[in-house]
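An overview of the molecular structure
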Amino acid sequence: MGKLRQQVNKWMMQNLELPADVVMDLPRITMIGQLHIYIENHRGVKAFSNEQLTLKLNQGVIHIKGSEFVIKTILPEEILLEGTISSVDFENE
Amino acid sequence: MKTKWNHLKGYVRVEIIGQDSSSFINTCIQSGIGIWDIQPLDQNRALISISVSDVQKARGILKENKLKIRIKEKKGTPFLLKRMWKRNGFILGMLSFICLLFLLSNMIWNINVTGANPKTEYELRKAAVELGVTKGKFIFLLPNVREIQRDLTEKMDNVTWIGVTQRGTSYRFEVVEKEIPEAKQMTGPRHLVATKEAVIHSVFVEKGQPIVGVNDYVKKGSLLVSGLIGKEKKPQLVSAKGKIWGEVWYQTEVEVPLNTSFQTYTGKYKNRHYVSLFGLNVPVYGFSEGEFKDKTETLNESPLYLAKWKMPFSYIKKEIRETDGVKRSYSKAEAIEVGKKMAKKELSKKLPDDAKINGEKVWQQNVSNGKVKLTMLYQVIENIASAQPIPIQQGE
């Protein structure tokens, strides 16, 4: 059932030109250089330190690495991180 | 925008001590507690911002997560105000200074009187005190300059006119005194002569030789009482004194219009009060115009001063008084009656106090252009004697 739904969603995205993050419930990530990273559609903070932020996603987690991290704003589905960002990694479960 | 709002409400920077701060963050978000500016310090510590109203809720969550909290900084308007209040003496001082300056610059500091002799000045100052114009009084509590001027002029008898000007904190009274000529005591030898053409009515001589008798006709300047008395060969000079009453005819012309319209106040009035801000009049009290058909309006403005500067706001009182257009019409007979009264009144203004009107006569009367024109003749008995000094002839 889940597989079928995913396939339908993928088809809708490709053929109906709907934004992927809305249809497939994926995170939308906006970065401004290395300074800011803005992530929508996250599912909570897993770990947070000066050099690393790990966020839970619908599927898997996202690791953001860098230095001097400060969470500027955090809302149930949005997060704005400031600092010097060096890498963004996805990890599927 | 949101941070501005948080700033206004006040927030605290707190340190969270203990493991697992991320789960705290998650719980906070889920239970709707707003936190922001999360800055990890090291493994066990993180600095976060939280609004004052949410601190109590957050404490519960912290207990569940076995975390400790330590308030580092208090920010925002409420805390700023609190800190400022600690220096309240300073602020109070500043405010009271402004208040004091404001009050002092709306106080009378000086009263100048010019043009009056010391006696009049003393009386004027006394009258001013009765009106409340003294040093140390608030200017805005006093009637305005126009009213002061009117009241003072009414109160002072020996003054023709008082000009009141207000300049900042000082009042200036300019006085024009009545010049009452001093009655000169004529002691030198003199005659009494007639001041006008008349028929002598009665003669009363204290000193001197009367020349004229009752019912004599005299011209202007003719001798009435001589200052030379005694025998013809050896005359004595005296200062003639006496009253010679003569019948004098006066002619007065008056015009009385048959129809006149004029305005009177009905006594109904409305006061409106304004506060003028930067030239804009804001009504404060009294909003109705009174719904008068005919009215006259007067504005009284009392400005406020801070030091020497006129403040952009002032208090304005507007008086609206109802007027009534009255039409008066006379019949011909009435007009003549009124004309007679008017003529008599006008005449008695011209006559000295001791004169007596003996008889009156309508000389001419005609009606034209809606007016009654009267020419009246009056028979007046008045003192016609006036002194004329006798020149002393030397070398005789």
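The rules behind these values
- Residues numbered from 1 in each chain as written.
- Chains lettered and ligands numbered in written order.
- Predicted model: local features only at pLDDT ≥ 70, side-chain atom pairs only at ≥ 80, totals over all residues.
- Helix = DSSP H or I, 4+ residues; strand = E, 2+ residues; numbered from the N terminus.
- Buried ≥ 20, exposed ≤ 12 C-beta atoms within 10 Å, placed from the backbone.
- Contact = placed C-beta atoms within 7 Å.
- UniProt positions renumbered as here; feature names shortened; annotations may be inferred.
- Pairing = 2+ DSSP bridges.
- Axes fitted to C-alpha atoms, helices over the stretch in contact; angles between N-to-C directions.
- Parallel < 35°, antiparallel > 145°, perpendicular 65-115°, else oblique.
- Left-handed = near helix turned anticlockwise from the far one by under 90°.
- Nonpolar A, V, L, I, M, F, W, Y, C, P; charged D, E, K, R; others polar.
- Core = buried A, V, L, I, M, F, W, Y, C linked by C-beta atoms within 7 Å.

1. A short note on the overall build of chain B
What chain B contains, in helices and strands, is eight helices and 22 strands. Sorting the 396 residues of chain B into buried and exposed places 17% on the buried side. Partitioning the intrachain contacts of chain B with sequence separation of at least 6 by distance along the chain shows that 67% fall at a separation of at least 24.

2. A closer look at the UniProt feature "transmembrane region" (unreviewed entry) in chain B
Summarizing the sequence annotation, UniProt attributes the feature "transmembrane region" (unreviewed entry) to residues 89–109 of chain B in the numbering used throughout. Annotated as residues 89–109 of chain B, this span is 76% helix and 0% strand, and its ends, taken at the C-alpha atoms, are 29 Å apart.

3. Re the environment of B:Arg321
Residue and element names in this part refer to chain B. Inspection of the secondary structure assignment puts Arg 321 in strand S19 (residues 309–329). Judged by the 18 C-beta atoms lying within 10 Å of it, Arg 321 falls in the partly exposed class. On a C-alpha basis, the gap between Arg 321 and Asn 271 in space is 8.6 Å, while along the polypeptide they are 50 residues apart.

4. Structural notes on the sheet that holds strand S22 (residues 385–389) of chain B
Residue and element names in this part refer to chain B. Strand order in the open sheet formed by four strands is S10-S12-S8-S22, and the pairing between neighbours is antiparallel. A single partner strand is all that each edge strand has here, and the edge strands are strand S10 (209–210) and S22. Pairing of strand S8 (residues 190–194) with S22, which is carried by five bridges, proceeds in the antiparallel orientation. Across the sheet, residue Ala 194 finds its bridge partner in S22, namely Ala 385.

5. Quick word on the packing of helix H6 (residues 118–131) of chain B against helix H7 (residues 145–155) of chain B
All names here are of chain B. Their axes nearest at 10 Å, the elements H6 and H7 cross at an angle of 130 degrees. Between H6 and H7, the angle is such that the two are oblique. Between H6 and H7 lies a crossing whose hand is right-handed. Residues Ala 127, Ala 128 and Leu 131 of H6 touch H7, and the partners they reach there are Ile 148, Asp 151, Leu 152 and Lys 155. Class assignment for the residues of the contact of H6 with H7 results in five nonpolar, no polar and two charged.

6. A word on the interface of chain B and chain A
Counting from both sides, the interface comprises twelve residues of chain B and, opposite them, 15 residues of chain A. Contributing elements (two or more residues each) for the side of chain B that touches chain A: helix H2 (21–30) and strand S2 (35–40) of chain B. The class makeup of the residues in the side of chain B that touches chain A is six nonpolar, five polar and one charged. In this sheet, S2(B) lies alongside strand S5 (residues 61–74) of chain A in antiparallel orientation, the contact comprising two bridges. Counterpart to A:Thr73 in the pairing with S2(B) is B:Trp36.

7. Let's talk about the pairing of strand S4 (residues 52–56) of chain A
All names here are of chain A. Taking every second residue as pointing to the same face, the buried face of S4 carries Leu 53 and Leu 55, while none of Gln 52, Thr 54 and Lys 56 on the other face is buried. Note that strand S3 (residues 45–48) and S4 share three bridges and pair antiparallel. Within S4, the residue paired with Ala 47 across the bridge is Thr 54. In sequence, S3 turns back onto S4 through a hairpin of three residues.

8. Comments concerning the nonpolar core
Within the largest apolar cluster, 28 residues are counted, with the highest numbers of intra-cluster contacts made by A:Leu81, B:Ile25, B:Ile35, B:Ile38, B:Ile48 and B:Ile50. Here B:Ile25 is in contact with A:Val45, A:Phe48, A:Ile74, B:Ile35 and B:Ile38, once residues within four sequence places are set aside. If you look at the next biggest cluster of nonpolar residues, it comprises 23 residues, including B:Ile244, B:Trp245, B:Val248 and B:Ala335.

9. Examining the sheet that holds strand S7 (residues 170–177) of chain B
All names here are of chain B. Strand order across the open sheet formed by three strands is S5-S7-S6, with mixed pairing between neighbours. Edge positions in the sheet fall to strand S5 (110–114) and strand S6 (159–167), since each has one partner strand and no second. Here the average twist between neighbouring strands, direction ignored, is 15 degrees. Here five bridges tie S5 to S7, and the two strands are oriented parallel to one another. Each bridged residue has a counterpart across the sheet, and for Ile 111 the counterpart in S7 is Tyr 171.

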